[in-house]
Amino acid sequence: MSEPGTHEFTVASSEVVHIGRVVGLRVDEVVMPGGETARREVVEHLGAVAIAALDDDGALTMIHQYRHPVGRRLWELPAGLIDHTGEDPVDAARRELVEEVGLSAKRWDTLVDVAASPGFTDEVVRVYLARELSDVDREVLGEEEADLVVRKVPLAEAVRMALAGELVNGATVGGVLAAHAALSGAAELRPAGAPWRDRPSAFARRTGR
């Protein structure tokens, strides 16, 4: 058996179980350090973006949105799938900001990349910091977006909400805390086009997107 941390995990076989509109499910047989294989169920995802849109007064624009898997509405950052063929992630973020909250931003930076649950899905969300905001006509594209409640929340209040368990969406919690850390000088921001090593790609390739 190899030394801990040196084994190369390879896939002996893979079976596609389901292909849906935004996710797919495959089962891989992965070669373990001892030579045997283990089954790993993997939910493939298109990837997504979220936006911490911060105005000149230091307030974030947040949305209250119904999330069916958890059965209730959650306070979140505006977000959406990278589901247009060949779309650049920051362009997807610009599009979602208009569609969900009717905002445009001149200044974009990368905050954090959040792996939603790497034990079973390749979904990773890139969170951007958007500043120098202006109002634009919102593009409501469906019943779900028509139900959104939009509210401005001071960044300090959003941090309190995250630490109090009032924000539970992973990308929202990560984005809020990262925005606070970056703006307090704890770390430098990455450019909007920074390399994205873990951007999901399997499902997009599988479905031609």
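So, a few notes on the structure that sits alongside this text. (Residues numbered from 1 in each chain as written. Predicted model: local features only at pLDDT ≥ 70, side-chain atom pairs only at ≥ 80, totals over all residues. Heavy atoms only, no water.)

One can find arginine 126 in strand E9 (residues 124-135). Ignoring sequence-local partners within four residues, the contact set of arginine 126 consists of Ala48, Val49, Ala50, Thr110, Val112, Asp113, Arg190, Ala192, Ala194, Pro195 and Trp196. (Helix = DSSP H or I, 4+ residues; strand = E, 2+ residues; numbered from the N terminus. Contact = heavy atoms within 4.5 Å.)

For the coordinates displayed, the defined rule picks out 18 salt bridges. In this structure, arginine 26 engages glutamate 44 in a salt bridge whose closest nitrogen and oxygen atoms are separated by 2.8 Å. Of this pair, arginine 26 sits in strand E2 (residues 23-31) while glutamate 44 sits in strand E3 (residues 37-45), and the two are 18 residues apart along the sequence. Like glutamate 44, arginine 26 is buried. When salt bridges with common partners are traced through the structure, they connect Asp83, Glu87, Arg95, Glu96 and Glu99 into a single cluster. (Salt bridge = Lys/Arg side-chain N within 4 Å of Asp/Glu carboxyl O. Buried < 20%, exposed > 50% of the residue type's maximum accessible area, 1.4 Å probe, protein only.)

The antiparallel open sheet is built from three strands, whose spatial order is E6-E5-E10. Among the strands making up the open sheet, the edge pair consists of strand E6 (72-76) and strand E10 (149-154). Averaged over all pairs of adjacent strands, the angle between strand axes in this sheet comes to 30 degrees, irrespective of strand direction. Inspection of the sheet shows strand E5 (residues 59-67) paired to E10 by six bridges, in the antiparallel sense. Counted as the bridge partner of methionine 62 is arginine 151 from E10. (Pairing = 2+ DSSP bridges. Axes fitted to C-alpha atoms, helices over the stretch in contact; angles between N-to-C directions.)

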